[in-house]
Every structure is written in structure tokens, then in C-alpha cells.
Amino acid sequence: MSPRFNGRKALRWLIEAGLLVAVFVAIQAWQQRDVPAGPAPEFMGVLADGRPISLAEWRSRHPGRAIGLHFWAEWCPICATEESSISALMADYPVLTVAMQSGTAPQVTAYLAKQGLRWPTVVDADGQISRRYGLKGVPALVVIDPAGQIRSVSTGYTTSIGMRIRLWWAEQG
């Protein structure tokens, strides 16, 4: 006997899938409730190697390009899962990373070296930069278009292709 298509099971599966998507969207909206719209908040910071940097300076190094701000923390297991994706993304797009509440510059430098990461990383030891962006958790990717406007924010794990699509789309105008 061949199994029959059961309309009730299919309907139940669709309802459960819809509820799962709704929960995911609701969590994303809650996590991003304080993220500003419009112009990206300017900040001044210090890179892990001790050099000062500002968002304006980073953007000026990459004229006409969308940039990514990748917020992460050394204590975040999901951030560690994304490390190879971020490194690969940096080969094609300008990404400035922000180490949120991950210690002092020497501690962040040691972590980057241990992981073999050659990331330009702003040390956000007290979380001030993260708060300016309304971020409640990490990892987070903020995409800023060439005009300096926030185009998208993703919190939690983001696939490599998802990151690339967001940056590509921001460059399309």
C-alpha cells in the first residue's frame, strides 16, 4: 500500500512552520528595537593595535563602498562560529569589527592572535559603541551604505551568503 497524502498533516506542518517563522521574526524585532534608522552613529575608538580610528575615517578609506560593522565578543560561542565567514567576507568587502566587552586592547589582540584573525578591531570594552547602535547582543552585522545610512542590521548567526547579499544590496543604491 502506498502512503496517502494527508491534508491534515500538511496543514499542521504549515501552521507549525508559520509559527516558527513568526517567533524568529518577533525575536529579531525585539533584539533590534533600539537600533537607530538613518545615518550611522559616528564613533571614535581605538583599534586593538592601539591606533585611533573613527567611523568617518574607516568610511573615507572605502569611498563608494558599503561597509560592515561586525560586533562580536570573545566569550560568544556563536561569534566563534562566524569567524571564518567574517574573514572570508573581508576579502571582498570592507568590514570593521568591534569587540564588545571583550577586555582591554592587549586582551583582544591576544585573542585575535590565538584565533589567527587579522581583523581591524575596535575595542569596545565598556559597550559604549554597541549601545550607540542599540545592540543588545552579539554577533551583529550592521551594514552601512556608501552614503552613511544604516541599510540593514542582523543579530545572531548570519550565513556567509546572507552577509554578502546585505553588503552587495547596500552598494546597489
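Analysis parameters
Residues numbered from 1 in each chain as written. Predicted model: local features only at pLDDT ≥ 70, side-chain atom pairs only at ≥ 80, totals over all residues. Heavy atoms only, no water. Helix = DSSP H or I, 4+ residues; strand = E, 2+ residues; numbered from the N terminus. Buried < 20%, exposed > 50% of the residue type's maximum accessible area, 1.4 Å probe, protein only. Pairing = 2+ DSSP bridges. Axes fitted to C-alpha atoms, helices over the stretch in contact; angles between N-to-C directions. Contact = heavy atoms within 4.5 Å. Phe/Tyr/Trp six-rings, centres within 6.5 Å; stacked < 30°, edge-to-face > 60°.

Quick notes on unusual backbone geometry
Here's step 1: Looking along the chain, the bond that leaves Val138 and enters Pro139 is cis, with omega of -5 degrees.
Here's step 2: Positive phi is not limited to glycine here, since Gln101 has a value of about 45 degrees.
Here's step 3: With respect to the helices and strands, Gln101 occurs in the loop between β4 (95-100) and α4 (105-115).
Here's step 4: In this structure Gln101 comes out as partly exposed when scored by relative accessible area, which is 37%.

Concerning the sheet that holds strand β5 (residues 121-124)
Here's step 1: Pairing in this open sheet of five strands is mixed, and the strands run β5-β4-β3-β6-β7 from one edge to the other. Across the chains shown, the open sheet's two edge strands, defined by having one partner strand only, are β5 and β7 (150-155). This sheet shows a mean twist of 20 degrees between the axes of neighbouring strands, independent of strand direction.
Here's step 2: Against the sheet, α4 makes contact with β3 (67-72), β4 and β5, and its axis sits at roughly 135 degrees relative to β5, the strand it touches most.

Here's the deal with the packing of aromatic side chains
Here's step 1: Enumeration over the complete set of coordinates arrives at five aromatic pairs.
Here's step 2: Geometrically, the ring pair formed by Trp72 and Trp119 is edge-to-face, given 5.7 Å between the ring centres and 80 degrees between the ring planes. Remark: Trp119 occurs in the loop between α4 and β5 and Trp72 occurs in strand β3; sequence separation between them is 47 residues. Both residues of the pair, Trp72 and Trp119, belong to the buried class.
Here's step 3: Through pairs of rings, three or more aromatic residues link up here, namely Phe43, Phe71 and Tyr133.

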